[in-house]
Amino acid sequence: MLLRNLTGSRIVRWLACLPVGIGLIAAAAASGQSIEAARAALNEGRFLEAAEVAEVLDTSDGYALAAEALAIHGHYLAPEETKAELLGRAMQLGQEAIRKNSENPVAHLQHAHAMGRYTQAVGTLRVKREYAGRVRAALERALFLKPGLAEAHLSLGAWHAEAIRGGGFMARVLFGASGNEARAHYDAALELAPNAKIVHAEYALGLLLLDRRKHRDEARSLLERARDLPSRNAHDRIVHDRVIAKLVELDVRT
């Protein structure tokens, strides 16, 4: 229980204060935590616990999973006053995942995910401009390493849609944002993961960002498909609730 209540860095400091024999036993217990245990906590919605368990592993995959868990918790569940701090920490974990293994596509994906959520939480134009190029570069690196990574295509589609919504013509000029590119990446994600609830949901939201009036019916169809797909984990359940809310909103604003 004590280890579970400590972050990875605090565990290290705590171990250093223990007598050598006890410290070695505790270290062995900590290292015995597996990526599977962290993934189980993530899937069950114990996001902070998942981040702690994964970070202690001190591996690229562990740091990437920790970044993912903190980004989900920070974006959807954390109080407003703690969002920026948590998402900033998620970015650091993503960077550490890349430092451990720069050839790990998921490390670049989760670093991009954390940066994107951070800019959404902070919300200032300066921060969005500062990170826009970094997010795109990280996603493109992930796809260079693993072209069939559906999550990276989905995130890059969202990057293009959100950049155009936020910056319009200037986003096209400064960052190369494109509605056609957004759709191409969304379509790729849908082809690679046709039964993923989040792919249909995010595609729908992206279309509404690009042109709400023009894409309303297509977005509704995607949201209805997302609603009807099974929820495979806690993140899916969060997405499901937001899909229902978005469908209600579309009905109200008809």
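Fair warning: this is a prediction, and the values are worked out from it, not measured in the lab.

**Topic: the overall build of the protein chain**
Next up, step 1: The secondary structure content of the protein chain amounts to 12 helices and 0 strands.
Next up, step 2: Taken from N to C terminus, the helices and strands of the protein chain fall in the order α-α-α-α-α-α-α-α-α-α-α-α.
Next up, step 3: In the protein chain, buried positions account for 48% of the 254 residues.
Next up, step 4: Sequence separation of 24 or more characterises 58% of the internal contacts of the protein chain that already satisfy a separation of 6 or more.
Next up, step 5: Taken as a whole, the protein chain presents about 12,900 Å² of accessible surface, with 54% of it coming from carbon and sulfur.

**Re a nonpolar patch on the surface**
Next up, step 1: On the surface, a cluster of nonpolar side chains totalling about 260 Å² of accessible area is made up of I244, V248 and V252.
Next up, step 2: The partly exposed category is assigned to V248, whose relative accessible area is 46%.

**Regarding the environment of L205**
Next up, step 1: Structurally, L205 can be placed in helix 11 (residues 197-228).
Next up, step 2: Placed 38 residues apart in sequence, L205 and V243 show a C-alpha to C-alpha distance of 9.4 Å.

**Here we look at the packing of aromatic side chains**
Next up, step 1: Tallied over the entire structure, the rule returns 2 aromatic pairs.
Next up, step 2: A centroid spacing of 5.7 Å and a plane angle of 65 degrees characterise the contact between Y118 and Y131, whose relative ring orientation is edge-to-face. Here Y118, found in helix 7 (residues 105-122), pairs with Y131, found in helix 8 (residues 125-145); they are 13 residues apart in sequence, far enough to count as distant.
Next up, step 3: In this structure Y118 comes out as buried when scored by relative accessible area, which is 18%.
Next up, step 4: Centre to centre, the rings of Y186 and Y203 are 4.8 Å apart; their planes meet at 15 degrees, and the pair counts as stacked.

Rules behind the numbers
- Residues numbered from 1 in each chain as written.
- Predicted model: local features only at pLDDT ≥ 70, side-chain atom pairs only at ≥ 80, totals over all residues.
- Heavy atoms only, no water.
- Helix = DSSP H or I, 4+ residues; strand = E, 2+ residues; numbered from the N terminus.
- Buried < 20%, exposed > 50% of the residue type's maximum accessible area, 1.4 Å probe, protein only.
- Contact = heavy atoms within 4.5 Å.
- Areas by Shrake-Rupley, 256 points an atom, 1.4 Å probe, with all protein chains shown as cover.
- Patch = residues over 30% accessible without salt bridge, like charges linked within 9 Å, V, L, I, M, F, W, Y side chains within 5 Å.
- Salt bridge = Lys/Arg side-chain N within 4 Å of Asp/Glu carboxyl O.
- Phe/Tyr/Trp six-rings, centres within 6.5 Å; stacked < 30°, edge-to-face > 60°.

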